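This is what each chain is made of:
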Amino acid sequence: MDLYHGSPVVVKKPIYGYGKKNNDYGQGFYLTENEEIAKEWAVTPDRGGVVNHYSLDINGLKVLYLNRGNYNVLNWLAILIENRKVNLHDEISQVGAKYIVEHYSIDYKSYDVIVGYRADDSYFSFTRAFLSNAITVGQLKRVMKLGKLGEQVVLISEKAFDSIEFIDSEEVSRSLYFAKQLERNIRATTEYNNLIRELDLGGLRVVDLIKEGVKNNDERLF
């Protein structure tokens with residue numbers, strides 16, 4: 001698997017146990033299969049960066065694909081709430097967040113690699129909209145694909161770190177790729193505003209999950 005990591009510097013050997021613990025999936029090394037996306041992640045308003053290119057051998061690794069099979073968007077959201085610092089000011093959001101974690105969490109820490117959505121900038125605000133009862137489960141699933149941010153691949157076990165090999169790196173222009181990053185966020189927000197104008201009268205909102213006691217395997221979540 002070819003993977004890319006946007007960074008301020010060249011990272012030839014990712015270090016297990018290093019990094020922030022409050023990222024989307026906790027402490028780990030975050031990558032993407034999309035080189036252009038990695039270049040956007042590499043830059044900030046103040047500086048350029050580096051895109052690092054790797055090869056990951058997933059043979060023998062336990063990989064959790066959150067966007068496939070028996071998993072739904074609430075499984076992803078439960079992991080996000082457990083790890084990210086989510087400032088929730090209204091009671092609905094607080095109760096909803098607690099309910100999501102209690103009823104839709106999965107044993108993600110037993111895996112070597114996680115593949116799933118990335119809650120980046122405006123995308124993180126979309127999850128707060130769901131928790132405040134503003135959008136439905138179906139709409140949340142759709143908005144996470146807005147702007148075509150793509151999936152991220154996260155190494156979380158020591159075994160996974162031992163299975164990745166550095167190939168090369170390339171400098172990334174701040175002026176070019178920060179503009180692309182802004183454009184993607186603006187496009188996603190515009191598409192979100194269009195989407196929420198569409199009534200989803202039959203969809204499940206966070207209060208419906210709580211009132212109905214919706215189970216993790218309920219077909220309406222898929």
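An account of the accompanying structure is given in this report. Bear in mind that the values here come from a model prediction, so they are computed numbers and not experimental data.

What counts and how
For every chain, the first residue of the written sequence is number 1, and numbering continues from 1 onward in sequence order. For this predicted model, a pLDDT threshold of at least 70 governs which residues receive local features, and a threshold of 80 or more governs which side-chain atom pairs are given and counted, while totals over whole chains, interfaces and linings are taken from all residues. Hydrogens and water molecules were not included; the side-chain quantities draw on all heavy atoms of the structure. Under the scheme used here, helices are H or I runs from DSSP no shorter than 4 residues and strands are E runs no shorter than 2 residues, and both carry numbers assigned from the N terminus. A 1.4 Å probe rolled over the protein chains alone gives each residue an accessible area, and that area as a share of the maximum for its type sets the label: buried under 20%, exposed over 50%, partly exposed in between. Two residues form a contact once any of their heavy atoms are found within 4.5 Å. Identification of polar contacts relies on pairs of N or O atoms within 3.5 Å, with a donor-acceptor requirement for protein atoms, meaning one able to donate a hydrogen and the other able to accept it, and with residues adjacent in sequence counted only if both atoms are side-chain atoms. Think of it this way: a Phe, Tyr or Trp ring, Trp meaning its six-membered ring, pairs with another when their centres are within 6.5 Å, and the plane angle makes it stacked under 30 degrees, edge-to-face over 60, tilted otherwise. Salt bridges are counted wherever a side-chain nitrogen of Lys or Arg sits within 4 Å of a carboxyl oxygen of Asp or Glu. A strand pair is defined by DSSP finding two or more bridges across the two strands. Here an axis means a line fitted to C-alpha atoms, over the contact stretch when the element is a helix, while the angle between two N-to-C directions is reported on a 0 to 180 degree scale. Residue count minus one, scaled by 1.5 Å, sets the expected span of a helix. What the arc measures is the spread of directions leading from the helix axis to the C-beta atoms.

## Considerations on the environment of Glu82
So, step 1. Assignment of secondary structure puts Glu82 in helix α2 (residues 73–83).
So, step 2. When its relative accessible area of 39% is taken as the criterion, Glu82 is described as partly exposed.
So, step 3. With 51 residues separating them along the chain, Glu82 and Asn133 place their C-alpha atoms 19 Å apart.
So, step 4. Leaving out residues up to four positions away in the same chain, Glu82 has contacts with Val101, Ser105 and Tyr108.

## Looking at α2
So, step 1. Burial analysis of α2 places ten of its eleven residues in the buried class, which makes it a mostly covered element.
So, step 2. The N-capping residue of α2, defined by a side-chain oxygen 2.8 Å from the backbone nitrogen of Leu74, is Asn72.

## A closer look at the packing of aromatic side chains
So, step 1. Per the counting criterion, the structure on display carries eight aromatic pairs.
So, step 2. Look at Phe29 and Tyr54: their rings are 5.7 Å apart centre to centre, the planes differ by 90 degrees, and that puts the pair in the edge-to-face class. Here Phe29 is found in strand β2 (residues 29–31), whereas its partner Tyr54 is found in strand β3 (residues 49–56), with 25 residues between them in sequence. Taken individually, Phe29 and Tyr54 each receive the classification buried, so the pair is uniform in this respect.
So, step 3. Where Tyr54 meets Phe166, the ring centres are 5.8 Å apart and the plane angle is 70 degrees; that geometry is what we call edge-to-face.

## A look at the pattern of salt bridges
So, step 1. Under the counting rule described, the total for this entry stands at ten salt bridges.
So, step 2. Across the salt bridge formed by Glu40 and Arg184, the nearest N and O atoms sit 2.9 Å from each other. In this pair, Glu40 is assigned in helix α1 (residues 35–42) and Arg184 in helix α7 (residues 174–195), connecting sequence segments 144 residues apart.
So, step 3. Overall, Arg184 belongs to the buried group, its relative accessible area being 12%.
So, step 4. Between Arg220 and Glu212 there is a salt bridge, with the nearest N and O atoms lying 3.1 Å from each other.
So, step 5. On the basis of relative accessibility, which here comes to 43%, the residue Arg220 falls in the partly exposed class.
So, step 6. If you follow the salt bridges from partner to partner, you end up with Glu35, Glu36, Lys39, Glu170 and Lys180 in one network.

## Focus on the sheet that holds β3
So, step 1. Reading across the sheet, the three strands line up as β1-β3-β7 and stay open at both edges, with antiparallel pairing between neighbours. Both edges of this open sheet fall to β1 (2–7) and β7 (164–172), since each of them pairs with a single strand only. This sheet shows a mean twist of 25 degrees between the axes of neighbouring strands, independent of strand direction.
So, step 2. Pairing of β1 with β3, which is carried by six bridges, proceeds in the antiparallel orientation. Bridging from a neighbouring strand, Ser7 pairs with Val50 of β3.
So, step 3. Strand contacts of α1: β1, β3 and β7, with the helix running at about 15 degrees to β1, the strand carrying the most contacts.

## Regarding the pairing of β3
So, step 1. Most of β3 is tucked away: seven of the eight residues are buried.
So, step 2. In this structure, β3 lies alongside β7, joined through eight bridges in antiparallel fashion. Counted as the bridge partner of Tyr54 is Phe166 from β7.

## Structural notes on helix α3 (residues 91–104)
Owing to its 3.6 residues per turn, the α-helix brings residues three or four apart onto one side.
So, step 1. Helix length check: α3 (14 residues) gives 20 Å between terminal C-alpha atoms against 20 Å at 1.5 Å per residue, within 8%.
So, step 2. What α3 keeps buried is the set Ser93, Gly96, Ala97, Tyr99, Ile100 and Tyr104. Take α3 and look down its axis: the buried residues cluster within an arc of 165 degrees, on one side only. Across α3 from its buried face, at more than 90 degrees, point the exposed residues Glu91, Lys98 and Glu102.

## Let's talk about the sheet that holds strand β6 (residues 151–155)
So, step 1. Strand order in the open sheet formed by four strands is β2-β6-β5-β4, and the pairing between neighbours is mixed. Among the strands making up the open sheet, the edge pair consists of β2 and β4 (63–65). Adjacent strand axes in the sheet meet at a mean angle of 20 degrees when their direction is disregarded.

## Section: the environment of Phe126
So, step 1. For Phe126, the location among the structural elements is in helix α4 (residues 122–131).
So, step 2. Along the backbone, Phe126 and Ser110 are 16 residues apart, and their C-alpha atoms lie at a distance of 28 Å.
So, step 3. Not counting residues within four places of it along the chain, the set of residues in contact with Phe126 comprises Ile135, Leu140, Val143, Ala188, Thr189 and Tyr192.

Function-wise, these values are silent; they only describe arrangement.
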